[in-house]
Amino acid sequence: MRKIILNLAVSLDGFIEGPQGEFDWCFVDQDYGIKEFMKRIDAIFLGRKSYELLMGMEKKNPYPTKTTYVFSNTMTNAGERTEIVKGDVTKEVSRIRNQAGKDIWLFGGASLVTTFINANLVDELQLAVHPLLLGGGKPLFQNIRERIPFILSDTISYSSGLVQLFYQRKQL
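These numbers come from a predicted model, not from an experiment. Along each chain, residue indices are assigned from 1 in the same order as the chain's sequence is written. Totals for whole chains, interfaces and linings use every residue, but because this is a predicted model, local features are given only for residues with pLDDT of at least 70 and side-chain atom pairs only at 80 or more, for both listing and counting. As a rule here, side-chain values cover all heavy atoms of the structure and leave hydrogens and water aside.

1. Re the pattern of salt bridges
Link 1 in the chain: What makes a salt bridge here is a side-chain nitrogen of Lys or Arg within 4 Å of a carboxyl oxygen of Asp or Glu, nothing more. On inspection of all chains with the given rule, the structure shows 11 salt bridges.
Link 2 in the chain: The closest approach of N and O atoms between aspartate 42 and arginine 2, which form a salt bridge, is 2.6 Å. Placement of the pair is aspartate 42 in strand β3 (residues 41-47) and arginine 2 in the segment before β1 (4-11), with a sequence separation of 40 residues.
Link 3 in the chain: Relative accessibility thresholds used throughout: buried, under 20% of the residue-type maximum; exposed, over 50%; partly exposed, between the two (1.4 Å probe, protein chains only). With relative accessibility at 5%, the residue arginine 2 sits in the buried group.
Link 4 in the chain: Among the charged side chains, a salt-bridge network with shared partners connects Lys3, Arg40, Asp103 and Glu124. Helix numbering and strand numbering both begin at the N terminus, where a helix is a DSSP run of H or I of at least 4 residues and a strand a DSSP run of E of at least 2.

In structure tokens, the structure reads:
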């Protein structure tokens, strides 16, 4: 079965966006392991807002070799190599992860992350902790219903001060 990996940037105070939705604080001065990560995946899970933001910024799919799944009950059209996922998230995710392929990147947004965490669908966390405080914005985790244990499997420190944390979901 394919793994679902939540891989994203987070501030020291736990935000994934600044107070106005900005993410210009994310370091882009080096690779930070993204090339290796991209070799590991062949699909991306996105919420509608994140998809629209990504497509609006890039004017085209920035990941043309990956299949993109957009979770939305309101979207009707999507770009090439993009599938709109409607209805029962758990059932649809199970269908997708049981298909042949590589692991899947849970890109975001925040409400989709909450849905996946609460449904126990996330296998790994890869958090790029940026050494700054935003003081407000959109928190990484919100409305989590229960305790979910993870085990630290690796850390990578970079000269910029960014620390990447790798966690595996603890099997109970």
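2. Structural notes on the packing of aromatic side chains
Link 1 in the chain: Within 6.5 Å between ring centres, the rings of Phe, Tyr and Trp (the latter by its six-membered ring) count as paired, and their orientation is classed by plane angle as stacked under 30 degrees, edge-to-face over 60, tilted in between. Under the criterion given, the structure shown has 9 aromatic pairs.
Link 2 in the chain: A centroid spacing of 5.4 Å and a plane angle of 90° characterise the contact between phenylalanine 37 and tryptophan 105, whose relative ring orientation is edge-to-face. Of this pair, phenylalanine 37 sits in helix α1 (residues 34-40) while tryptophan 105 sits in strand β6 (residues 103-108), and the two are 68 residues apart along the sequence. You'll find phenylalanine 37 and tryptophan 105 in the same group, each marked buried.
Link 3 in the chain: Ring centres of phenylalanine 45 and tyrosine 69 lie 5.6 Å apart, and the angle between their planes is 80°; this geometry places the pair in the edge-to-face category. Taken together, the positions of phenylalanine 45 in strand β3 and tyrosine 69 in strand β4 (residues 67-71) put the pair 24 residues apart, joining distant regions of the chain.
Link 4 in the chain: A relative accessible area of 0% places phenylalanine 45 in the buried class.
Link 5 in the chain: Here a set of aromatic residues connected by ring pairs shows up, and it is made of Phe37, Tyr63, Trp105 and Phe107.

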